[in-house]
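# Structural overview
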Amino acid sequence: MLLPISDAINLIFSNVKEAGEEELLIEETSGRVIAEDVESKIEMPPFNKSAMDGYAVKTSDTPGKLMLTEVVPAGIIPEKKLNKGETTLVMTGAPVPEGTEAVVMREQTIEGRDYIEIQKKAIKGENIAFKGEDIKKGERLLEKGEIITPGKVSLLATLGYRRVKVKKIPEASLIVTGNELCEPGSIELPRGFIYNSNAYSLMAQYKELGGKINYIGIIEDNIENLVDSLSKAEKANIILISGGVSKGDYDYVEESIKQWGGKIIFHYVAIKPGKPFLFAKKKDVLVFGMPGNPVSTLVIFWKFIGPAVLKMQGAKELFPEKIPAFFKGNYSKKKDRPHYIGVKLIKSGNILTAEYIPSHGSADVPSFCMADGIIEIPQEIKAIKDGDLVEVRLIHPPFRYYER
């Protein structure tokens, strides 16, 4: 009996251990999981400042002709308090002088040499960014477990942080099996061989998470070589194995793991593509065995391994964002297991369409690499048709909408 996807995820998550912490420069943290709550040590803005180039005024003086007493560029503190009948020219971001009630845009004035004519009635607080209106001192702005984005890096810098604690990313080792495989870059592909794409897609996916991955290489399909490779790979926290996990005459991964001293936790999951998915453990080393078909490998990593790596970092969000869209195309299936299919997202006005990308199977890499997202079709659903509302899990990064 095939293991349900939810049970497989629970078994994986129950066997992971949270990683340690390290402190990094903020520009090195995008994509990492923050290991501490971040509270503001300052107020933002730290002073009352002008939101544009304009004239600081008292509202009771407007409209009217006022005496210019000072010019204040950004980064300069005003020297004079604003009195009745006076105005100060303040540039965008500059502190406004004490006594200011509003800032009037330069375009709404007539500028003379010593006097400025304010042509409109100013509204109290107009064009002033007040101290602390964006961020209060002591306010919690980032929580432990959040994934840091470039925008959050900007926030950290705004708050004066130069370094921040993040969770360590577990190191991985990668083993690829298959006597028929040849590394890309060969001048001519030998007859009967195929290029090894799985190693490079898995390395790319793992590095996308920010982790270090050691490539052991293509290993011949025999138990002795696989056991030796597992021994080399176990210096890492995670071992990824591509190929050799089905029931073929040359599929030796399960037996090799047992001889190496690992414990098989599950083998075969109710998912298409990727059914012969294996999860094992030796002490604190986790082993993920994936089918050799490239699309199966991509889906299994996306659905199980990536979330497990985030779980080890204590991330609050473990799975890709899910958004609604209208299905374009027709897809039918047996009620044997959930199916995962790739779609291209197309935006037309306010309508988001998920266009099915037909595939010839789990070795059809060209079709899958065009996908922006993946739809999970539950086991009990036999078909989805044109116009059905579906939920799409996004493939990150990159993600883009196609306008039409």
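Cut-offs applied
- Residues numbered from 1 in each chain as written.
- Predicted model: local features only at pLDDT ≥ 70, side-chain atom pairs only at ≥ 80, totals over all residues.
- Heavy atoms only, no water.
- Helix = DSSP H or I, 4+ residues; strand = E, 2+ residues; numbered from the N terminus.
- Buried < 20%, exposed > 50% of the residue type's maximum accessible area, 1.4 Å probe, protein only.
- Contact = heavy atoms within 4.5 Å.
- Axes fitted to C-alpha atoms, helices over the stretch in contact; angles between N-to-C directions.
- Parallel < 35°, antiparallel > 145°, perpendicular 65-115°, else oblique.
- Left-handed = near helix turned anticlockwise from the far one by under 90°.
- pLDDT = per-residue confidence, 0-100.
- Phe/Tyr/Trp six-rings, centres within 6.5 Å; stacked < 30°, edge-to-face > 60°.
- Lys NZ or Arg CZ within 6 Å of the ring centre and 35° of its normal.
- Salt bridge = Lys/Arg side-chain N within 4 Å of Asp/Glu carboxyl O.
- Pairing = 2+ DSSP bridges.
- Core = buried A, V, L, I, M, F, W, Y, C linked by side-chain atoms within 4.5 Å.

### Quick word on the environment of Ile341
In this fold, Ile341 is placed in strand E23 (residues 339–348). Using a relative accessible area of 5% as the deciding quantity, one classes Ile341 as buried. Taking the C-alpha atoms as reference points, Ile341 and Tyr331, separated by ten residues in sequence, lie 9.2 Å from one another. Not counting chain neighbours up to four residues away, the residues in contact with Ile341 comprise Phe327, Tyr331, Tyr356, Gly373, Ile374, Ile375, Ile377 and Ile384.

### A look at the packing of helix H3 (residues 198–208) against helix H6 (residues 294–312)
Taken N-terminus to C-terminus, the directions of H3 and H6 make an angle of 25°; their axes are 11 Å apart at the nearest point. Relative to H6, the element H3 is oriented roughly parallel. Like other packed secondary-structure pairs, H3 and H6 cross with a definite hand, here right-handed. Along its contact with H3, which presents Asn198, Ser201, Leu202, Gln205 and Tyr206, the element H6 presents Pro294, Thr297, Leu298, Phe301, Trp302 and Val309.

### Thoughts on the confidence of the model for the protein
Low pLDDT means the predicted coordinates in that region are not meant to be read closely. Scored by pLDDT, the protein has a mean of 93; 97% of the residues are at 70 or more. Under a pLDDT of 50 for its full length, residues 398–404 has, in the predicted model, 20 contacts with residues more than four places off or in other chains.

### Digging into the packing of aromatic side chains
On inspection of all chains with the given rule, the structure shows eleven aromatic pairs. Between the aromatic rings of Tyr206 and Phe301, the centroid separation amounts to 6.4 Å while the plane-to-plane angle is 80°, which identifies the pairing as edge-to-face. Of this pair, Tyr206 sits in helix H3 while Phe301 is found in helix H6, placing the two residues 95 residues apart along the sequence. Look at Phe301 and you get buried, because its relative accessible area is 4%. An aromatic cluster of at least three residues, connected via ring pairs, comprises Phe266, Phe277, Phe279, Phe288 and Phe304. When the ring centre of Tyr161 is taken as origin, the NZ or CZ atom of Lys41, which lies over that ring, is 4.6 Å away.

### Focus on the side chain of Asn127
Along the chain, the position of Asn127 falls in the loop between strand E9 (115–118) and strand E10 (128–129). Apart from residues no more than four positions distant in its own chain, Asn127 is found in contact with Lys49, Ser50, Ala51, Met52, Val103 and Met105.

### Here we look at the pattern of salt bridges
Tallying each qualifying case throughout the model produces 18 salt bridges. In this structure, Glu18 engages Lys167 in a salt bridge whose closest nitrogen and oxygen atoms are separated by 2.8 Å. Of the two residues, Glu18 is situated in the loop between helix H1 (5–14) and strand E1 (21–25) and Lys167 in strand E12 (residues 163–167); the sequence distance between them amounts to 149 residues. Owing to a relative accessible area of 49%, Glu18 belongs among the partly exposed residues under this scheme. Put simply, Glu391 and Lys322 hold a salt bridge, and the shortest N to O gap is 3.4 Å. Of this pair, Glu391 sits in strand E27 (residues 389–394) while Lys322 is found in strand E21 (residues 322–328), placing the two residues 69 residues apart along the sequence.

### What to know about the sheet that holds strand E5 (residues 64–72)
Across the sheet, which stays open at both edges, the six strands sit in the order E7-E4-E6-E5-E9-E8 with mixed pairing between neighbours. Two strands bound the open sheet, and with one partner strand each, they are strand E7 (102–105) and strand E8 (109–111). Sheet twist, expressed as the mean angle between neighbouring strand axes with direction ignored, is 35°. In the sheet, strand E4 (residues 54–57) pairs with E7 via four bridges, with the strands oriented antiparallel. From the neighbouring strand, Gly54 faces E7, where its bridge partner is Met105.

### Some points on the pairing of E21
Across five bridges, the pairing between E21 and E27 is antiparallel. Bridge pairing in E27 links Ala325 to Val390. Relative to strand E24 (residues 351–356), E21 runs parallel, the two being bridged by three bridges. For Phe327, the partnering residue across the bridge sits in E24 and is Ala354.

### Let's talk about the pairing of strand E13 (residues 172–177)
When you tally the buried positions in E13, you get six out of six residues, the bulk of the element. Burial along E13 is two-sided: Ala172, Leu174 and Val176 and Ser173, Ile175 and Thr177, pointing in opposite directions, are all buried. Two elements, E13 and strand E16 (residues 213–219), share six bridges in a ladder whose sense is parallel. Residue pairing for E16: Ile175 is matched across the bridge by Gly217. Relative to strand E17 (residues 238–242), E13 runs parallel, the two being bridged by five bridges. Looking at E17, one finds that Ala172 is bridged to Ile238.

### Description of the nonpolar core
Residues Ile12, Tyr206, Leu240, Phe277, Phe288 and Phe304 are the most contacted members of the largest nonpolar core, which totals 45 residues. The element that contributes the greatest number of residues to this core is H6, accounting for twelve residues. In this structure, Ile12 is in contact with Phe266, Phe277, Phe279, Phe288, Phe304 and Ala308, ignoring residues within four places of it in sequence.

### With respect to the sheet that holds strand E19 (residues 278–282)
Two orientations exist for strands paired in a sheet by backbone hydrogen bonds: parallel and antiparallel. Read from one edge of the open sheet, six strands run E16-E13-E17-E20-E19-E18, paired in mixed fashion. Pairing within the sheet leaves two strands with one partner each, and these edge strands are E16 and strand E18 (263–267). Between one strand axis and the next, the sheet turns through 15° on average, direction left out of account. In the packing of H3 onto the sheet, contacts are made with E13, E16, E17 and strand E20 (285–290), and the angle to E16 comes to roughly 170°. Running at roughly 165° to E13, helix H4 (residues 223–233) makes contact with E13, E16 and E17 of the sheet.

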